[in-house]
Amino acid sequence: MSQLNGAYYGPSIPPPPKSHYHRRSDGGNCCCNCLCGLVKCCCGCIFSLICKLLTFILVIVAIVALLFWFIIRPNVINFHVNDATLTQFNYTNNNTLFYNLALNITVRNPNKRLGVYYDNIEARALYQDVRFGSQNLQPFFQHKKTTSFISAVFKGQQVMPLGEKQVSELNKEKGSGVYDIDVTLNLKVRFKLGLFKSGKLKPKVRCELKVPLKSHNGTSPGDVFQITECGWDYRSIFVH
């Protein structure tokens, strides 16, 4: 091996890589946990206070709503159809329905602290989801822990084309003397708590009835009408 004299004539040696130091900057953007950590938002630090404030407000609203629920203990208003009298239900060849239906309905408010304003009550009668009659009932106010009575009468004629299956079902019910008739109550209500009155709501109550047809002499070829409880449609919306 030949002796090296200290000089190097090979390719140039690259300089060692420079280490890059990234300084964390807290003055530009910051990440804050909003809504108790449920939503993580990266925003300017000026909005961090807003996130905390919104969280605080939501917690307060939740606590107030919970206290309101325990103090007021709101209960569902109960609707029952106590009696239904059907004396005419004739469907002719020209797609016309002749009908005469009378209903007696009880409304029970079981709440100890809430009164109810029924500002508008529209009753609709439907057969196989086709409306054949409607009536606007008298508005009223219902006090706490009381029962009110309302009546609805549907009488007249209505052109309502039915499909082949619907006519077939109608003929079956005609043979049995009992008809499946639905009645809906479209409401506009307000609730009263002391001096406070809520905004208007538009709930709907649906009563699915089996009504026997009575002849003119008062006899009924079908079964006796059974008291029927109505159900709430909870898809209520505020009236703007």
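Residues numbered from 1 in each chain as written. Predicted model: local features only at pLDDT ≥ 70, side-chain atom pairs only at ≥ 80, totals over all residues. Heavy atoms only, no water.

**Q** An account of the sheet that holds strand β3 (residues 78–91) is needed here, citing residue identities and associated values.
**A** Each strand in a sheet pairs with another by means of backbone hydrogen bonds, the pair being arranged parallel or else antiparallel. In spatial order, the strands read β8-β4-β3-β12; together these four strands make up an open sheet with antiparallel pairing. Of all the strands in the sheet, just β8 (146–159) and β12 (228–229) have a single pairing partner and so form its edges. (Pairing = 2+ DSSP bridges. Helix = DSSP H or I, 4+ residues; strand = E, 2+ residues; numbered from the N terminus.)

**Q** Can you explain the pattern of salt bridges? Please cite residues and give values.
**A** Enumeration according to the criterion identifies six salt bridges in this entry. The shortest N-O distance in the salt bridge between Asp119 and Arg190 comes to 2.7 Å. Taken together, the positions of Asp119 in strand β5 (residues 115–127) and Arg190 in strand β9 (residues 178–193) put the pair 71 residues apart, joining distant regions of the chain. Between Asp180 and Lys210 there is a salt bridge; the shortest N-O distance is 2.8 Å. Residue Asp180 is found in strand β9, and its partner Lys210 is found in strand β11 (residues 204–212); the two are separated by 30 residues along the sequence. The class of Lys210 is exposed, set by a relative accessible area of 54%. A cluster of three or more residues bridged by salt bridges with shared partners is formed by Glu122, Arg124 and Arg131. (Salt bridge = Lys/Arg side-chain N within 4 Å of Asp/Glu carboxyl O. Buried < 20%, exposed > 50% of the residue type's maximum accessible area, 1.4 Å probe, protein only.)

**Q** Run through the environment of Thr87, naming residues and quoting values.
**A** By the element assignment, Thr87 lies in strand β3. Linking Thr87 and Ala102, residues 15 residues apart in sequence, is a C-alpha distance of 8.8 Å. The residues contacting Thr87, other than those within four sequence positions of it, are Asn100, Leu213 and Lys214. (Contact = heavy atoms within 4.5 Å.)

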